[in-house]
Amino acid sequence: GIYLWPSPLEFPMDDSYIHFVYAENLSKHGGLFFNYPDEKGVGTSSLLWVLILGAANWVGLSMHWVAKLAGVTCLVVVGIGLYFLLQPLLPRWVALAIALLVVMSGHMLWFALSGMETMLFLALGILSLLCYRENRWGWLGIALGLLTITRVEGVILALLIGAIDIWRH
């Protein structure tokens, strides 16, 4: 992950650039398209990520820096959220050690700096689990909604939480 940090305009995969192109076209032309406005279909896998990057570009911020800052911020949220998720199940020091090992792993650092929505998806997923555990239904709905527009696979967590809640009650 260290090799990605000093280079704000470079990202390790082409999917990052696809999000940037969609975000730039959204902020400059008001549409979700890659090459030309009349394109059929959308080739981005994360509407929320494109909206975040597009909003940043629209207000004059660097999408590249915003993507890295958002990725690192979400990595911190993942670590803190994981700690709170594990704390009732394990001794505090074990929960803390696990959370630190997860967020300091090379893969997680790489994801945080990749320009992709991966860390946002993980952060929203963990926040959804915390909201469910704490019976924060309104926040759970918001977190699951954002999770689903981050990646459509978020609906799987929503269905699992629904099924578990039906089974429990």
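Scroll up for the structure.
All values derive from a computational prediction rather than experimental measurement.

Draft legend 1. Region of the structure containing the overall build of the chain. The secondary structure content of the chain amounts to eight helices and zero strands. Seen in sequence order, the chain has helices and strands lined up from the N terminus as α-α-α-α-α-α-α-α. Seen through its principal axes, the chain has C-alpha atoms that stretch 50 × 40 × 25 Å. In the chain, which comprises 169 residues, the proportion classed as buried is 39%. By element, 72% of the accessible surface of the chain is carried by carbon and sulfur atoms, the whole surface being about 9800 Å². For the chain, the centre of its 8 positive side-chain charges and the centre of its 10 negative side-chain charges are spaced 12 Å apart.

Draft legend 2. Layout of the nonpolar core. Ranked by size, the top nonpolar core spans 38 residues in total, and within it Leu53, Val78 and Met119 carry the most contacts. Residue assignment for this core shows that the elements contributing at least two residues are helix H1 (14-29), helix H2 (47-58), helix H3 (63-86), helix H4 (92-103), helix H5 (106-112), helix H6 (118-133), helix H7 (137-150) and helix H8 (154-168). Sorting elements by how many residues they give to this core places H3 first, with eleven residues. Apart from the residues within four sequence positions on either side, leucine 53 is in contact with His19, Phe20, Ala23, Met63, Val66 and Ala67.

Draft legend 3. Just H1, in detail. Relative to the 22 Å expected for 16 residues at 1.5 Å per residue, H1 spans 22 Å between its end C-alpha atoms, a close match to the ideal helical length. Considered for burial, the residues of H1 that qualify are Ser16, His19, Phe20, Tyr22, Ala23, Asn25 and Ser27. Next to the buried residues of H1 lie H2 and H3. Phi turns positive, to about 75 degrees, at glycine 30, one or two residues after H1.

Draft legend 4. Spotlight on the packing of aromatic side chains. What the rule picks out here adds up to five aromatic pairs. Taking 5.9 Å as the distance between ring centres and 45 degrees as the angle between the ring planes, the aromatic pair formed by tyrosine 22 and phenylalanine 34 counts as tilted. Here phenylalanine 34 lies in the loop between H1 and H2 and tyrosine 22 lies in helix H1, a separation of twelve residues in the sequence. Judged by relative accessible area, which is 4%, tyrosine 22 ranks as buried.

Draft legend 5. Structural context of the environment of alanine 55. Structurally, alanine 55 can be placed in helix H2. Judged by its relative accessible area of 41%, alanine 55 is partly exposed. C-alpha separation for the pair alanine 55 and serine 27, spaced 28 residues apart in sequence, amounts to 6.6 Å.

Reading the values: rules and limits
Residues numbered from 1 in each chain as written. Predicted model: local features only at pLDDT ≥ 70, side-chain atom pairs only at ≥ 80, totals over all residues. Heavy atoms only, no water. Helix = DSSP H or I, 4+ residues; strand = E, 2+ residues; numbered from the N terminus. Buried < 20%, exposed > 50% of the residue type's maximum accessible area, 1.4 Å probe, protein only. Areas by Shrake-Rupley, 256 points an atom, 1.4 Å probe, with all protein chains shown as cover. Lys, Arg positive; Asp, Glu negative; His and termini not counted. Charge placed at Lys NZ, Arg CZ, Asp CG, Glu CD. Core = buried A, V, L, I, M, F, W, Y, C linked by side-chain atoms within 4.5 Å. Contact = heavy atoms within 4.5 Å. Expected span 1.5 Å × (residues − 1). Phe/Tyr/Trp six-rings, centres within 6.5 Å; stacked < 30°, edge-to-face > 60°.

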